[in-house]
Amino acid sequence: MSEARASARADEPATRATQAEAAPGAAGVVNYIEISDFAKIDLRVGEVRSAERIPKADKLLLLTVDIGEEKPRQILAGIAQYYEPETLVGRKIVVVANLKPRKLRGYESQGMLLAASVGEEGKPVIATFAEDVPNGARLK
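Asker: Provide a residue-level description of the overall build of the chain, including the pertinent values.
Answerer: Per the secondary structure count, the chain includes three helices and nine strands. Walking the chain from its N terminus toward its C terminus, one meets helices and strands in the order α-α-α-β-β-β-β-β-β-β-β-β. Looking at the chain residue by residue over its 140 residues, the buried ones come to 28%. Look at the contacts in the chain between residues 6 or more apart in sequence, and 57% of them connect residues 24 or more apart. Summed over all atoms, the accessible surface of the chain reaches about 10100 Å², with 51% contributed by carbon and sulfur.

Asker: Could you give me a rundown of the sheet that holds strand 4 (residues 92–96), with the residues and numbers involved?
Answerer: As summarised here, the arrangement of the five strands in space is 3-2-1-4-7, forming an open sheet in which the pairing is antiparallel. Here the strands that pair on one side only, and so sit at the sheet edges, are strand 3 (73–77) and strand 7 (112–113).

Asker: Please give an account of the layout of surface pockets that cites residues and values.
Answerer: Approximately 190 Å³ is the volume attributed to the largest pocket. Taken together, Leu-60, Leu-76, Ala-77, Gly-78, Leu-99, Lys-100, Pro-101, Arg-102, Leu-104, Ser-109, Gly-111 and Met-112 make up the lining of the largest pocket. At the level of elements, strand 3 and strand 5 (102–104) are the ones that each hand at least two residues to the lining of the largest pocket.

Asker: With reference to specific residues and values, describe the side chain of Asp-66.
Answerer: Its place among the elements puts Asp-66 in strand 2 (residues 61–66). There is a polar contact of 3.2 Å between the side chain of Asp-66 and the side chain of Asn-135. Among residues more than four places away in sequence, those in contact with Asp-66 are Val-45, Gly-46, Glu-47, Arg-49, Pro-72 and Asn-135.

Asker: Provide a residue-level description of the nonpolar core, including the pertinent values.
Answerer: Proteins that are soluble and globular tend to have nonpolar side chains buried together. By size, the foremost hydrophobic cluster in this structure holds 17 residues, and its most contacted members are Leu-63, Val-65, Ile-79 and Leu-88. When contributions to this core are tallied by element, the ones reaching two or more residues are strand 1 (43–53), strand 2, strand 3 and strand 4. Per-element tally for this core: the top contributor is strand 2, with three residues. In contact with Leu-63, not counting residues within four places along its chain, are Val-48, Ser-50, Ala-51, Arg-73, Gln-74, Ile-75, Ala-77, Leu-88 and Leu-113. Ranked by size, the runner-up nonpolar core spans five residues in total, among them Ile-54, Ala-57, Leu-60 and Leu-62.

Asker: Describe the pairing of strand 9 (residues 123–126), and please don't skip the residues or the numbers.
Answerer: In strand 9, alternate side chains face the same way, and those of Pro-124 and Ile-126 are buried while those of Lys-123 and Val-125 on the opposite face are not. Where strand 8 (residues 115–118) folds back onto strand 9 in an antiparallel hairpin, the turn is made up of four residues, including Gly-119, whose phi is positive at roughly 80 degrees.

Definitions and limits used
Residues numbered from 1 in each chain as written. Predicted model: local features only at pLDDT ≥ 70, side-chain atom pairs only at ≥ 80, totals over all residues. Heavy atoms only, no water. Helix = DSSP H or I, 4+ residues; strand = E, 2+ residues; numbered from the N terminus. Buried < 20%, exposed > 50% of the residue type's maximum accessible area, 1.4 Å probe, protein only. Contact = heavy atoms within 4.5 Å. Areas by Shrake-Rupley, 256 points an atom, 1.4 Å probe, with all protein chains shown as cover. Pairing = 2+ DSSP bridges. 1 Å grid on protein atoms, 1.4 Å probe; cavity = no way out; pocket = protein on both sides within 12 Å on 5 of 7 lines; lining within 4 Å. Points joined across faces, edges and corners; volume = space filled by probe spheres on them. Polar contact = N/O pair within 3.5 Å; in protein donor to acceptor, adjacent residues only side chain to side chain. Core = buried A, V, L, I, M, F, W, Y, C linked by side-chain atoms within 4.5 Å.

Below, the structure written as structure tokens:
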């Protein structure tokens, strides 16, 4: 292979933009973590079994999510302005399973769902799957 061609190929990865870099308004990575930090996070596939609005809370939905444990988890999510509860039932989502439980509006949240923040207003778009994945499967 010619030296010029080899040099051009060596430069290619540096000149190609990743999808995140190419997305308008995408912010760069600021705080890097070690792989050992990431390993502490227990991400699981969960299926939304029920969803309802929290009385007197405009932003919160109360979800019951099956992540493959004996009993489904109760998770509060600040997505009520963007999602109707009935549209979430049956959806497979990504759950942070080892997040310390927290009380909000008198309800205990036993995890957190993952969502992208899109646009200037930060509209949440729930992370989901294109293929069938069993409840409780770990993400790595």
